[in-house]
Amino acid sequence: MLRRVIPLLIAFVAVHVVVAVLGYQQPNEPMGDVYLVYEPWSRCALFGGVDVTSCTRSDTWQWPGITEKWIYPQLAFLPMTFAWVFAWAIGYTPAWALTVSLCNLVAFLVLVGDARSRGRVVAAWFWLAAILLIGPVGIYRIDGITVPLALLGGIWMLRRPLVASLLLSIAVWMKVWPAAILAAGLVVIRRRLALVWGAVAVSLATIIPVVALGGAGFVFGFVGDQTSRGIQMEAPVGGLYMFLAAFYVPGSQVYYDADVLTFQVTGPGAEPLIAAMTPLMLIVMAGVAGVGVWKLRHGATFLALFPPLSLALVTAFIALNKVGSPQYYVWLFAPVALGLMLDRRRWYAFAGMTLVIAGLTQWMYPLLYDGLMATHPNPFPVVVLELRNALALVLLVWAILRVVKAPVGRVRPPAGLREIVTGRRPVPPRVPAGR
C-alpha cells in the first residue's frame, strides 16, 4: 500500500509548496484576502483592540457576523481563527496556507484509500493538477477550505449520509456553494432524513450561539449582502459589458466597489440584469434538481445521477452568478473528482475541460488582472476572461445534458463498485490448505 501511496503524497506536498510560494511571486496580491481581510477579522475577534472596518484602535469587541453584518456565513471564522494555532511561529499568511493544506491532506488520503481503485487514483491526480493550474487563489481563499469538506461529503454520501451532511453543512456555513452537492444528495439517496438531520444540527449549532451573543439581526446578513451586489467583472453575465468597456462604448466601465472589496462592471441595462440574475440562477438550479427527481423515480442509479447532478448544480452556481470571483472555480474540483472516482471513463472529458478552465483562471488572475482593472480594460485579458467564462457555460450545459440522459430503468451496477465506493479492495476468503 505504501508503495502505491507515497508517490501521490510526494506530489501532494510538491504541488502545495509550489502553489503556496507562487502566492509570494505573482502580481496583484493573490494572497491579499488573507493578510488584508482574514487576519484583521480574526485578530479583532480573538484579541480585540482593532476596528476591522477602519483598521484603527477600538475599545469595543467586534465580531463580524455577530456584532455587524458580514459577507460570509459565521462558520467561516473557524479556519480563520484556527490559523492562529500556527501563526505565532510562522506568520498568519503561511499559517493559512498550512491550514488549507492540512484540510486538503485529510480529504486526499480518504480519496486515495489504499490506492487500489484506479478511479480514486485518477481523481487524486486530477485534483493535484487542478490545484496547480488554478494557482494561489485556490489556497489563499476561504473557498479552499470548503473544497475538501465538500469532497469528503460526496465520498461518504452513500455510505455515511449523516457524516456527509454534517461536513457539507459546515462547509455551507462557511461558503454557501456546497449546498448544491447537499441538494444533489437529497435528490438521489434514499436516506434523506440523515441529510436533513445533519443540516439541522449544524445550523442550530451555528445559529443559537450567534443569537445568544446578540447577533440575531446578522445571522443571515450574508444572504442580503450577496443578492444586493452588482455585476462582478469576472462573472460570465458581465462579458458583454467588459467588451463594451474595452472598446470605450459610452456608459460601460469597470469600477471598484469598496463595500464588497471587488471590481464590478456596469453598462446599459445593467440594473434589470442585476435584479434578474439571482432568480434566474435559482430557477435553473431548481429545474435541474427537478429533472434529477424525475430520473430517480424512473430508476436512475446513484452512480449515473449523483456526479452529473452535483456538477450541474455547482456549475450553475458559478456560471449564472452575478458574482464571479476567480476562486469560485475551485468549486468544480469536488464534483469532477467524485465523477472520476465513480465512473472515470465517462468523466475524462469533464476533467479535461475543468483543467483548462483552471489554467485560464490563473492566467486571468493574477497574471493578466492589471489589464482588467482599468476603467476601460485591455481587450486581450478580456478575451482570456470570456473564453474561460464561455467554457464554464459549456460545462454547465454539458452537465445538464448528462443529467437529462442519465439511463433509467433497471441498470446493473458495474463490477467493482463496492471497491470504488469504499476505497478498499475486498479481501478474498481464505481457502483451507489441501482443498
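1. Comments concerning the overall build of the protein
- Looking only at helices and strands, the protein has 18 helices and three strands in total.
- Taking all 435 residues of the protein together, the buried fraction comes to 55%.
- The contacts of the protein with a sequence gap of at least 6 include a subset with a gap of at least 24, amounting to 75%.
- Carbon together with sulfur atoms contributes 68% to the accessible area of the protein, which is approximately 18,900 Å² in total.

2. What to know about the packing of aromatic side chains
- Under the counting rule described, the total for this entry stands at 26 aromatic pairs.
- Here Tyr 38 and Trp 96 contribute two aromatic rings whose centre-to-centre distance is 5.0 Å and whose plane-to-plane angle is 50 degrees, an arrangement assigned as tilted. One end of the pair, Tyr 38, is in helix 2 (residues 32-47); the other, Trp 96, is in helix 5 (residues 92-112), with 58 residues separating them in the sequence. Each member of the pair, Tyr 38 as well as Trp 96, carries the same accessibility label: buried.

3. Some points on the side chain of Ser 165
- Along the chain, the position of Ser 165 falls in helix 8 (residues 161-172).
- Judged by relative accessible area, Ser 165 falls into the buried class, the value being 0%.

4. Quick look at helix 7 (residues 143-155)
- Over its 13 residues, helix 7 extends 19 Å from the first C-alpha to the last, a length consistent with the 18 Å expected when each residue adds 1.5 Å.
- Along helix 7, 13 of the 13 residues are buried, which leaves the element largely enclosed by surrounding structure.

5. Regarding the sheet that holds strand 1 (residues 231-232)
- Read across the sheet, three strands follow the order 1-3-2 without closing on themselves; strand pairing throughout is antiparallel. Two strands bound the open sheet, and with one partner strand each, they are strand 1 and strand 2 (253-257).
- Sheet analysis places strand 1 next to strand 3 (residues 262-266), joined by two bridges and oriented antiparallel. Across the sheet, the residue bridging to Gln 232 is Gln 264, located in strand 3.
- Sitting on the sheet, helix 12 (residues 239-246) is in contact with strand 1, strand 2 and strand 3, with an inclination near 85 degrees to strand 3.

Rules of the game
Residues numbered from 1 in each chain as written. Predicted model: local features only at pLDDT ≥ 70, side-chain atom pairs only at ≥ 80, totals over all residues. Heavy atoms only, no water. Helix = DSSP H or I, 4+ residues; strand = E, 2+ residues; numbered from the N terminus. Buried < 20%, exposed > 50% of the residue type's maximum accessible area, 1.4 Å probe, protein only. Contact = heavy atoms within 4.5 Å. Areas by Shrake-Rupley, 256 points an atom, 1.4 Å probe, with all protein chains shown as cover. Phe/Tyr/Trp six-rings, centres within 6.5 Å; stacked < 30°, edge-to-face > 60°. Expected span 1.5 Å × (residues − 1). Pairing = 2+ DSSP bridges. Axes fitted to C-alpha atoms, helices over the stretch in contact; angles between N-to-C directions.

From the geometry alone we can't say anything about function, so treat these as descriptive.
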